2 protein chains.
Amino acid sequence: MDQPRKETPDNRIANTEPFPGSRKVYISGSRGIRVPMREIRLHATEDVKGGMQDNAPVRVYDTSGPYTDPAANIDLKTGLPLLRESWIRERGGCDTREPGYRPVPENGASGIAFPGRRKVLCGRGSVTQMHYAKKGIVTPEMEFVALRENLPPDFVRDEVACGRAIIPANINHPELEPMAVGRNFLVKINANIGNSVVRSSIEEEIEKMTWAIRWGADTVMDLSTGQNIHETREWILRNSPVPIGTVPIYQALEKAGGRAEDLTWKIYRDTLIEQAEQGVDYFTIHAGVLLRYIPYTAKRVAGIVSRGGSIMAKWCLARHEESFLYTRFGEICEIMKAYDIAFSLGDGLRPGAQADANDKAQFAELETLGELTLKAWDQECQVMIEGPGHVPLHLIRENMEREIQVCHGAPFYTLGPLVTDAAPGYDHITSAIGSAMIGWLGTAMLCYVTPKEHLGLPDKKDVKDGVIAHKIAAHAADLAKGHPGAGIIDDAISRARFEFRWEDQFRLSFDPDTARLFHDETMPQEGSRASHFCSMCGPQFCSMKITRDVREYAESRGISEEAALEEKMKEKGREFIEKGGEIYVKKIRGL
Amino acid sequence: MDQPRKETPDNRIANTEPFPGSRKVYISGSRGIRVPMREIRLHATEDVKGGMQDNAPVRVYDTSGPYTDPAANIDLKTGLPLLRESWIRERGGCDTREPGYRPVPENGASGIAFPGRRKVLCGRGSVTQMHYAKKGIVTPEMEFVALRENLPPDFVRDEVACGRAIIPANINHPELEPMAVGRNFLVKINANIGNSVVRSSIEEEIEKMTWAIRWGADTVMDLSTGQNIHETREWILRNSPVPIGTVPIYQALEKAGGRAEDLTWKIYRDTLIEQAEQGVDYFTIHAGVLLRYIPYTAKRVAGIVSRGGSIMAKWCLARHEESFLYTRFGEICEIMKAYDIAFSLGDGLRPGAQADANDKAQFAELETLGELTLKAWDQECQVMIEGPGHVPLHLIRENMEREIQVCHGAPFYTLGPLVTDAAPGYDHITSAIGSAMIGWLGTAMLCYVTPKEHLGLPDKKDVKDGVIAHKIAAHAADLAKGHPGAGIIDDAISRARFEFRWEDQFRLSFDPDTARLFHDETMPQEGSRASHFCSMCGPQFCSMKITRDVREYAESRGISEEAALEEKMKEKGREFIEKGGEIYVKKIRGL
């Protein structure tokens, strides 16, 4: 087991390699808005006569932030540029003050604090994106999202105003490149990182964050439960271009000495404010775990598998009181709206086994989350709803339909679902299957699951495997939903494949490094990447090559005009059937 | 690139390790039938009071054959025991003769031939499982399948009789452990192996075969296109307990010097007989690629991606004649029924890109496969239909529904489908997503796709990754279809997980080795496997542990009886709402 390293992070741990054959481009909007995209250059197509036809470069959504821009000056100790600072100040409505929370230096913590401290912002009233949307205002964040997803700014505003989409963007996280979570937008994915008592360090967590967004994570949740939680989170936030989510009850429990029954509203509230001031963009809050629902889990195969859910269940039973997350929900909303932190209403009673899917406990909690959604919206707080978990394929649809109905269309954010319990070591796959399905049906964001799920803490490789598996699921959902432009990448890579433009196939793929590596394992020679066949079949058997031959033959015979040949064939077909095939059989040589 | 090794196979290449915590057991039937199963031993459950309760062992379907039975004497040079020999002889109706085909020793081939030659069987009339089923006979093969899937023998017979299921079992493959492919049976998976001009050797292929069936491959297709095709196939067949499929056009093309236009019916027919005498259990035959359909592919993004399909397309266009696979279909049926080789009617025009899915070419061919299905059934030949390919999620259902309709309920056998084109290096995942979906909808067998798809030839690791990903898809489909008993493994592993029976979780998983390895990476100490928490969260945050505490608390307080507590809580809930939560708030300490 690794020992936590104490040195402060070093730039070498950030993953700053540009993507092969790609460059960072920026789409300009009003107010100096610049939206980053990744532009992939393609080689020309060689036509049958040997002529060359250029292929336009392909632009793709880019979550990797400044890290993949060679022009950017990365310094982890300074943090990323304050992209949103002026936008937030121009809107006004905020007070500037010293952070209310002073971290007690833990054993060794003083040496690892993020350098420099800044003042924090706090809204006097509601400063949420929903607040401005309801007023009919298109904020720079909304315009940024509109350009990023090629949608009209007014559409983005209206989706946020009605609660069908959220833009998680804490006013104390000015480094953020805004993104939207909603079922009329591209399906997003979240990657969980975070240390635990058992292992990991600040450096490892920053490395995982930059690694996760490089491969497509749209948001990152810091689930740290070990040492130096505050400092780890600060380093991550100051260097993260994507929204950061947390589960505040984890840190609150640490403050309560790890004894759930000793948790108090004061400890929890102070923790919310501490994290709000740091700039956390969304909080998972398990406010739907009500005392009366807990017995519904008694007969389950896997009981309660949500950490936050089980902590609150223990608190409720130990005190025989209703959850303070529920009784104090109004006060929580007051905090959320003053920093524009989005609610991620946690599914503390989600099923942890196929046998527990769609049961009374799960759906009872969902009803309460729907009730709380309306309360949060009354305060103009942004809300998304967390979903399962472990669910067999045939029970997935009910989850989506019920969520839309009882949670009034708030975005759904699911963990998987995993479609079997029997594949530990491969749960990024069991989860990708359920995720693609529920994403197609309307889930707005998919929380990744890594191969280490149920077994251990993900390392860097697991983070990448989890992100790519769920990027596949999200993209498959986008294709099935017919999201405009979703198919561009598929058509481009299929044409590259068909035309043996190997380099283009590599750079257009979700993981160019692995695609190239796998190709070269079988055919290492540089020349083979230019060859018009591949290693699977060899030259004689390459169907792509034969298809090209067929087309060339067709052209040379002047029968490329489809209709004409088709007519001719139909005739031959009739002739063949009438004469019982004899007319052809006689012609066959070698008999 | 590896050079093909010339030595004959060595027993060390077979994968003969028994599974951890498991033993091979045999279910006895009539006529001395013994059906192999894998029995997984479980540890006892420790209840709240510290008492121990035994857990019954779990029996699972086992495709690995004698290789995982320590009592079996494996000798690759002798081959597996002739399990079916007496069954086939007792049925009679066959002539015994010398093989009609004499392999011309290729360069070095003489030294690598399988030792010893035996006589071959050929039916005088139809000797297919469908033939006997239609007569109302339950063959030993049908009884074997019935015991293996815990279904009534008559049901198996009736499914085979009506063509809704097949039992691929060539009378010259007596080593076979019979299995069924049909939508009312467990969803099966196929693994492709085979050398190519570019690489691989006989040893590698046998190693891949035993490796594939160890991890769950129900059938194996030998797609060899390189040197020593005949000898490689012989070694595989004599040592394979699962049905072996081939695509005879590949070898026929080799005989035609690699020139599609030089293929003749005679070359092809001789190749069918050569492979029939060796014992191949099913043939992929692309008889639906008609001359008049070829122009439909001209405007496709990816044209024709099926090797067999493109070979026949080239033949048809070069000669401007109808495919001999179609014109000679009746003669092909004569061969199939005399050896009981099942048809796998190939989808030579399957889409190779999302953009080409469900197009005119694909569905035109499917109609022809339906027409040929009836012709084959007239001769009592067993038939399954091959399906795509590359298909977006929302177009998958139409594939299944059309196949059932136009192919009269014959089993569907799909390659994926892959739900995006953009993830080379991860196509075992893009395929697992589509496979789970179409398996749930009724597909009977899933052809695996490995991470090397589109990039290179799979190695041993790729074979395992491909098999496990599709075993997950097949099992997820079985759960969704509600196949009796499919959920036993999920419930057992979930209970083991919940009770911290780490060893049981490992041995119940689809890949015990990887599950154990991943766990130990984070918590290597032996003791940790007995600990009541895991590496993800540490002791304080383990939701499983907290849930146990909750249950123990509930028991100790005597409030475990659900209804009673629920009533009490409802009351409290009403009280809470009436009094605006005050009653609880006052009680909370620390405020």
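Heads up: the structure comes first, above all this text.
Note that this is a predicted model, so its numbers are computed, not measured.

Novice: Run through the overall build of chain A, naming residues and quoting values.
Specialist: Each helix and strand in chain A was counted, giving 21 helices and 17 strands. The buried share of chain A, reckoned over its 591 residues, is 67%. Total accessible area computed for chain A in this model is approximately 19400 Å², and 51% of it derives from carbon and sulfur atoms.

Novice: I'd like a rundown of the sheet that holds strand 12 (residues 244–246) of chain B, residues and numbers included.
Specialist: All names here are of chain B. Around the barrel, which closes on itself, the eight strands sit in the order 10-11-12-13-14-15-16-17 with parallel pairing between neighbours. Taking the axes of each pair of neighbouring strands and ignoring which way they run, one obtains an average angle of 25 degrees across the sheet. Its contacts with the sheet put helix 11 (residues 329–339) on strand 13 (282–285) and strand 14 (342–345), and the angle it makes with strand 14 is roughly 140 degrees. Contacts from helix 12 (residues 360–378) reach strand 14 and strand 15 (383–387) within the one sheet, and its direction differs from that of strand 15 by about 170 degrees.

Novice: So, helix 11 (residues 329–339) of chain A: which residues are in play, and what are the values?
Specialist: Residue and element names in this part refer to chain A. Across the 11 residues that make up helix 11, a large majority, eight, are buried. Considered for burial, the residues of helix 11 that qualify are Phe329, Ile332, Cys333, Ile335, Met336, Lys337, Ala338 and Tyr339. Positive backbone phi, approximately 55 degrees, marks Asp340, located one or two places after helix 11.

Novice: Describe the pattern of salt bridges, naming the residues involved and giving the relevant values.
Specialist: Counting across every chain of the model gives 84 salt bridges over all chains. Between Asp511 of chain A and Lys464 of chain A there is a salt bridge, with its nearest N and O atoms 3.1 Å apart. Separated by 47 residues along the polypeptide, Asp511 of chain A in the loop between helix 17 (502–508) and helix 18 (512–522) and Lys464 of chain A in helix 15 (residues 460–481) bring together distant segments of the chain. Asp511 of chain A gets classed as buried once you look at its relative accessible area, which sits at 0%. Here Asp95 of chain B ties to Arg124 of chain B by a salt bridge, and the two come within 2.6 Å at their closest N and O atoms. Of this pair, Asp95 of chain B sits in strand 6 (residues 94–97) while Arg124 of chain B sits in the loop between strand 7 (120–123) and helix 2 (129–134); the two residues are 29 residues apart in sequence, bridging distant segments of the chain. For Asp95 of chain B, a relative accessible area of 35% gives the class partly exposed.

Novice: If you had to explain the environment of Ile429 of chain B to someone new, which residues and values would you point to?
Specialist: With respect to the helices and strands, the residue Ile429 of chain B is situated in helix 14 (residues 427–441). For Ile429 of chain B, a relative accessible area of 1% gives the class buried. A sequence separation of 351 residues divides Ile429 of chain B from Thr78 of chain B, and the C-alpha atoms of the two residues are 38 Å apart. The contacts of Ile429 of chain B, once residues within four sequence positions are left out, are His428, Ile429, Ala432, Ala469 and Ile472 of chain A.

Novice: Let's hear about the packing of helix 7 (residues 248–255) of chain B against helix 8 (residues 265–278) of chain B: which residues, and what values?
Specialist: All names here are of chain B. The contact between helix 7 and helix 8 brings their axes to 9 Å, and the two run at 125 degrees. What the angle tells us is that helix 7 and helix 8 run oblique. Relative to helix 8, the crossing made by helix 7 is right-handed. Contacts between helix 7 and helix 8 pair Pro248, Ile249, Gln251, Ala252 and Lys255 from the former with Ile267, Tyr268, Asp270, Thr271, Leu272, Glu274 and Gln275 from the latter.

Novice: Quick rundown of the pairing of strand 16 (residues 412–415) of chain B? Include the residues and the values.
Specialist: All names here are of chain B. With three bridges connecting them, strand 15 and strand 16 associate as parallel partners. When the bridges of strand 16 are listed, Gly387 appears paired with Thr414. Crossover strand 15 to strand 16 through helix 13 (residues 396–406) is right-handed. Handedness of the crossover joining strand 16 and strand 17 (residues 445–447) through helix 14: right-handed.

Novice: Let's hear about the pairing of strand 15 of chain B: which residues, and what values?
Specialist: Residues and elements named next belong to chain B. Counted residue by residue, strand 15 has five buried out of five residues, so it is predominantly covered. Burial along strand 15 is two-sided: the face carrying Val383, Ile385 and Gly387 and the face carrying Met384 and Glu386 are both buried. Strand direction decides the pairing type here: strand 14 and strand 15, joined by three bridges, are parallel. Bridge pairing in strand 15 places Ser344 opposite Met384. Taken together, strand 14, helix 12 and strand 15 form a β-α-β motif whose crossover is right-handed.

Cut-offs and rules
All residue numbers here refer to positions counted from 1 along the written sequence of the relevant chain. In the order they appear in the text, chains get letters beginning with A and ligands get numbers beginning with 1. In view of the model being predicted, local features appear only for residues whose pLDDT reaches at least 70, and side-chain atom pairs are presented and counted only at 80 or more, with totals across whole chains, interfaces and linings using the full set of residues. Side-chain measures were taken over the full set of non-hydrogen atoms in the model, leaving aside hydrogen atoms and water. Each helix is a run of H or I in the DSSP string that is no shorter than four residues. Each strand is a run of E no shorter than two, and both are numbered from the N terminus. Accessibility here uses a 1.4 Å probe with only protein chains present; expressed as a share of the type maximum, an area under 20% marks a residue as buried, one over 50% as exposed, and anything in between as partly exposed. Working definition of accessibility: Shrake-Rupley area with a 1.4 Å probe, residue cover restricted to the visible protein chains. Strand pairing is assigned whenever DSSP detects at least two bridges linking the two strands. Lines fitted to the C-alpha atoms define the axes, with helices restricted to the stretch that makes contact. Angles between their N-to-C directions range from 0 to 180 degrees. What makes two residues a contact is simply this: any of their non-hydrogen atoms within 4.5 Å. Only one rule defines a salt bridge in this text: a Lys or Arg side-chain nitrogen within 4 Å of an Asp or Glu carboxyl oxygen. Our angle categories are set so that under 35 degrees counts as roughly parallel, over 145 as roughly antiparallel, 65 to 115 as roughly perpendicular, and the remainder as oblique. It is the rotation of the near helix from the far one that decides the hand of a crossing: anticlockwise by less than a right angle makes it left-handed, clockwise makes it right-handed. For a crossover, the right-handed case is the one in which the path from the first strand over the helix to the second runs clockwise, viewed with the strands pointing away from the viewer.

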